[in-house]
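# Residue-level structural notes
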Amino acid sequence: MLNYIATENTAKLIKQVCKNQNILILYETQNITNIRQYLKETKVNFNLVKYFIIELNNLDNTENEIIESIYKFNKLHSKIRIIILAQGLSDQSKLLNELYNNGIYNIINNSDNKKIQEELIKCLSNKGIQKTDAKRFERIEEKVKKDKKISILKNKLKEIYNILKKNDDKTLNSTSVYFFRVLIKIVSEFVKIIYWVTKILLIYIGIKILFNSQLREIILQILKVR
C-alpha cells in the first residue's frame, strides 16, 4: 500500500504507475503541505503503508526542516520505503546530498514525465534504488575525501608490502648463506671422518703385517719381485 504527498500533475503520474504495478494507494495529499506538521497530526496509519512518496515541490518547509523531518520519520518507520520526487534539483543540491547521507536512496530529480515514470517503477520494485545506484547524490567533497583516504591507504599497504618483500629477500639471502656454511661444515666433517678411518685402517694393516710372519714374508717377496 502507498501514501503520497504530491502536486496534482505529479499525482496523475503516480496513480498511473500504481495502477500498472497493481499497488493500492491508501492515502493521498495534493495540497501544499508542512511536512513537520503533517507527520505530527496526520491520521495515516503508517503500519499499513509500504511506500511513502514525497514531492518536495509540494512542501512549504525549509531545507533543514525537510531533512530533519524525513530523517526522523525514516528512523521511526524503517520498513517504509521513502521515495523523494525532486524535479529540477541538481544532483549536488544540499537537500539531496543530506537525504542521501541519511540513507534515502530512492530519489528522482528528473523533470521529464516519461523518465519520472520509469524511475518510479524502479523505486516501487522489490529492491528499489540502491545506494550504488544513487551515488550521484553523494556530495563531491565527501567523495574526494573518501578517494583521498583510499589512495593513502593503498600507498600505506604498498609501503608495507615493499618492506615485507625486502625483509623476505634478506631472510632468503641469510638462509642461503647459512645453508652453504652448514654444507661446507658437513663436507669438512665427512672428510675428517674418512681421514681417520683410513688412518686407523692403515695402522691395523701395519700391525697385522708386523705380527704375522707369513703375511710379512709374502709382502717381502712381493717387494723383492718388484
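In this report, we go over the structure that sits alongside the text. Counting restarts for each chain, with residues numbered from 1 along the sequence as it is written. Confidence filtering applies because this is a predicted model: local features only for residues at pLDDT of at least 70, side-chain atom pairs given and counted only at 80 or more, and all residues used for totals across whole chains, interfaces and linings. Hydrogens and water are ignored here; the side-chain numbers use all heavy atoms of the structure.

## Structural notes on the sheet that holds strand β3 (residues 51–55)
To keep it simple, the criterion reads: Strands are labelled as partners when DSSP assigns at least two bridges between them. The helix count covers DSSP runs of H or I at least four residues long, the strand count covers runs of E at least two residues long, and both are numbered beginning at the N terminus.
Spatially, five strands are ordered β2-β1-β3-β4-β5 in an open sheet, and the strand pairing comes out parallel. The sheet is open, and its two borders are formed by β2 (25–29) and β5 (107–108), each paired with just one other strand. Alignment of β3 against strand β4 (residues 81–85), held across five bridges, turns out to be parallel. For Tyr51, the partnering residue across the bridge sits in β4 and is Arg81.

## Things to note about helix α1 (residues 8–20)
Put simply, the test is: Expected helix span is given by 1.5 Å per residue-to-residue step, counting one fewer step than there are residues. Think of it in three bands: with a 1.4 Å probe and only protein chains considered, a residue is buried below 20% of the maximum accessible area for its type, exposed above 50%, and partly exposed in between. An arc is given here, and it is the one of the directions from the helix axis to the C-beta atoms. Should any heavy atoms of two residues lie within 4.5 Å, those residues are considered in contact.
For α1, spanning 13 residues, the distance from its first C-alpha to its last is 19 Å, which sits close to the expected 18 Å at 1.5 Å a residue. Of the positions making up α1, those classed as buried are Thr10, Ala11, Leu13, Ile14, Val17 and Cys18. Angularly, the buried residues of α1 cover 160 degrees about the axis, an arc narrow enough to put them on a single face. Across α1 from its buried face, at more than 90 degrees, point the exposed residues Glu8, Asn9, Lys12, Lys19 and Asn20. Check the buried side of α1 and you find it contacts β1 (2–5), β2, β3, β4 and α5 (113–123). Asn22 lies just past α1 and shows a positive phi near 55 degrees.

## Things to note about unusual backbone geometry
Its identity as a non-glycine residue notwithstanding, Asn22 has a phi of 55 degrees, on the positive side. Tracing the backbone shows Asn22 in the loop between α1 and β2. Overall, Asn22 belongs to the exposed group, its relative accessible area being 72%.

## Focus on the environment of Lys122
For Lys122, the location among the structural elements is in helix α5. For Lys122, a relative accessible area of 41% corresponds to the partly exposed category. Residues Lys122 and Asn106, 16 residues apart in the sequence, show an inter-C-alpha distance of 8.8 Å. Residues contacting Lys122, with those up to four places away along its chain left out, are Gly128, Ile129 and Asp133.

## Let's talk about the pairing of β3
Note the threshold: By convention, a crossover is right-handed whenever its connection, traced from the first strand over the helix to the second and viewed with the strands pointing away, goes clockwise.
The buried fraction of β3 amounts to five of the five residues, a majority that puts the element mostly inside the structure. Pairing between β1 and β3: four bridges, direction parallel. Bridge assignment links Leu2 to a residue of β3, and that residue is Tyr51. Chirality of the crossover, the property in question, places the unit of β3, helix α3 (residues 63–76) and β4 among those that are right-handed.

## A closer look at the pattern of salt bridges
Our working rule: Salt bridges are identified by distance alone: a Lys or Arg side-chain nitrogen within 4 Å of an Asp or Glu carboxyl oxygen.
Considering all chains together, one arrives at six salt bridges under this definition. Between Glu68 and Lys72 there is a salt bridge; the shortest N-O distance is 2.9 Å. Of the two residues, Glu68 and Lys72 are both situated in helix α3; the distance of four residues between them amounts to about one turn of the helix. Judged by its relative accessible area of 35%, Glu68 falls in the partly exposed class. A salt bridge links Glu98 to Arg139, with the nearest nitrogen and oxygen atoms 2.4 Å apart. One end of the pair, Glu98, is in helix α4 (residues 94–101); the other, Arg139, is in the loop between α5 and α6 (140–211), with 41 residues separating them in the sequence. Residue Arg139 is classed as partly exposed on the basis of its relative accessible area of 22%.

## Digging into the packing of aromatic side chains
Using the following cut-off: Pairing of aromatic rings covers Phe, Tyr and Trp, the last through its six-membered ring, and needs centres within 6.5 Å; plane angles under 30 degrees mean stacked, over 60 mean edge-to-face, and all others mean tilted.
Summed over the entire model, instances satisfying the criterion amount to five aromatic pairs. Summarising the aromatic geometry, the rings of Phe46 and Phe52 are spaced 5.6 Å apart at their centres and angled 45 degrees between planes, so their arrangement reads as tilted. The same class applies to Phe46 and to Phe52, which are both buried. Ring plane angle 70 degrees and centroid distance 4.8 Å describe the contact between Phe46 and Phe73, whose orientation is recorded as edge-to-face. Of this pair, Phe46 sits in the loop between α2 (35–41) and β3 while Phe73 is found in helix α3, placing the two residues 27 residues apart along the sequence. Each member of the pair, Phe46 as well as Phe73, is classed as buried. Members of the aromatic cluster, connected to one another through ring pairs, are Tyr38, Phe46, Phe52 and Phe73.

Everything listed here is a matter of geometry and, on its own, says nothing about what the molecule does.
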